[in-house]
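# Working through the structure, step by step
Here is how the chains run, residue by residue.
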Amino acid sequence: MPSVRILILIALLNLLGPVKMYGAPADKDEISETKAAKPDEIKPRAYKGKYHRVTEEGDTVLVLVMNDVYVYPKLKFKNKKEEEFYWRTVRDVKLALPYAKLICETLTETYEYIETFPTQKEREKYLKEMESEVFNQYKPALRRFSKNQAKLLVKLIQRETNQSSYNILKAFLGSFRAGFWQTFGRFFGVNLKSKYEPDHNRQDAIIERVCRAVEQGQL
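Figured I'd write up the structure that's included with this text. (Residues numbered from 1 in each chain as written. Predicted model: local features only at pLDDT ≥ 70, side-chain atom pairs only at ≥ 80, totals over all residues. Heavy atoms only, no water.)

Take the overall build of the chain next. Summing up its helical and strand segments, the chain has 7 helices and 2 strands in all. Going from N to C terminus, the chain has its helices and strands arranged as α-β-β-α-α-α-α-α-α. When burial is assessed residue by residue, the chain has 43% of its 219 residues classed as buried. Restricting the contact set of the chain to residue pairs at least 6 apart, pairs at least 24 apart contribute 75%. (Helix = DSSP H or I, 4+ residues; strand = E, 2+ residues; numbered from the N terminus. Buried < 20%, exposed > 50% of the residue type's maximum accessible area, 1.4 Å probe, protein only. Contact = heavy atoms within 4.5 Å.)

Bringing helix H4 (residues 147-161) into the picture now. Spanning 15 residues, H4 covers 21 Å between terminal C-alpha atoms, matching the ideal 21 Å at 1.5 Å per step. Of all 15 residues in H4, 12 are buried; the element is thus mostly enclosed. Taken residue by residue, H4 has Gln 149, Ala 150, Leu 152, Leu 153, Val 154, Lys 155, Leu 156, Ile 157, Gln 158, Arg 159, Glu 160 and Thr 161 as its buried positions. Residue Asn 162 follows H4 closely and has a positive phi angle near 60°. (Expected span 1.5 Å × (residues − 1).)

Grouped together as the largest cluster of nonpolar side chains are 30 residues, with contacts concentrated most on Val 93, Leu 153, Leu 156, Ile 207 and Val 210. Breaking this core down by element, the ones donating at least two residues are helix H2 (80-114), helix H3 (120-142), H4, helix H5 (165-173) and helix H7 (202-215). By residue number, the principal contributor to this core is H2, which donates 11 residues. The next biggest cluster of nonpolar side chains, apart from the first, holds 8 residues, and it includes Tyr 166, Leu 169, Ala 178 and Leu 192. (Core = buried A, V, L, I, M, F, W, Y, C linked by side-chain atoms within 4.5 Å.)

The end-to-end C-alpha separation of H7 is 20 Å, in line with the 20 Å expected for 14 residues at 1.5 Å each. Those residues of H7 not exposed but buried are Asp 204, Ile 206, Ile 207, Glu 208, Arg 209, Val 210, Cys 211, Ala 213 and Val 214. One or two residues past the end of H7 sits Gly 217, with phi positive at roughly 80°.

In structure tokens:
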């Protein structure tokens with residue numbers, strides 16, 4: 001039975017990103033080790049898919065679909081502040097990107113599973129029962145995200161799913177609860193409706209460059 005950890009994973013980043021348990025403020029850029037469950041580290045592969053085809057001679061051959069390779073010119077920073085943003089982004093992307101990919105991989109699985117329930121009431125009951133389990137599983141890790149790391153995770157969720165975190169919560173939990181988490185998140189400086197626009201926003205462009213480098217094993 002697939003877990004709906006995606007739901008609380010998104011919700012937790014609002015509550016636990018900027019604030020430690022019992023209200024103690026987290027350090028600005030704290031990254032701490034934890035024994036809690038973590039997604040797998042990103043392991044670059046040279047190909048993104050494979051299939052078999054039969055040649056005209058009747059031989060069966062394996063065909064690999066290679067990954068896109070991105071090549072950038074040397075990055076020229078506008079100033080020291082932008083250079084610091086770059087290296088902070090490198091660190092934070094390595095932390096947050098695996099969680100964003102976990103969410104993306106789980107989305108379809110979770111959606112297809114809850115669609116097997118005959119009524120909306122049963123779907124909602126299942127989601128509610130699973131929330132506690134997921135909260136306990138990911139609380140130790142996500143509570144150590146700084147506010148900046150939580151904001152980055154929101155952007156990376158959109159990068160991986162092509163949906164804002166708010167829209168994902170709305171689809172699974174309904175408008176009221178999604179609105180609650182949006183309001184709660186904004187109180188701590190995290191906007192679930194934030195946009196990821198690497199083609200128009202320079203900071204997002206830097207984030208995208210770092211993500212691709214991490215995915216390709218260059219960072």
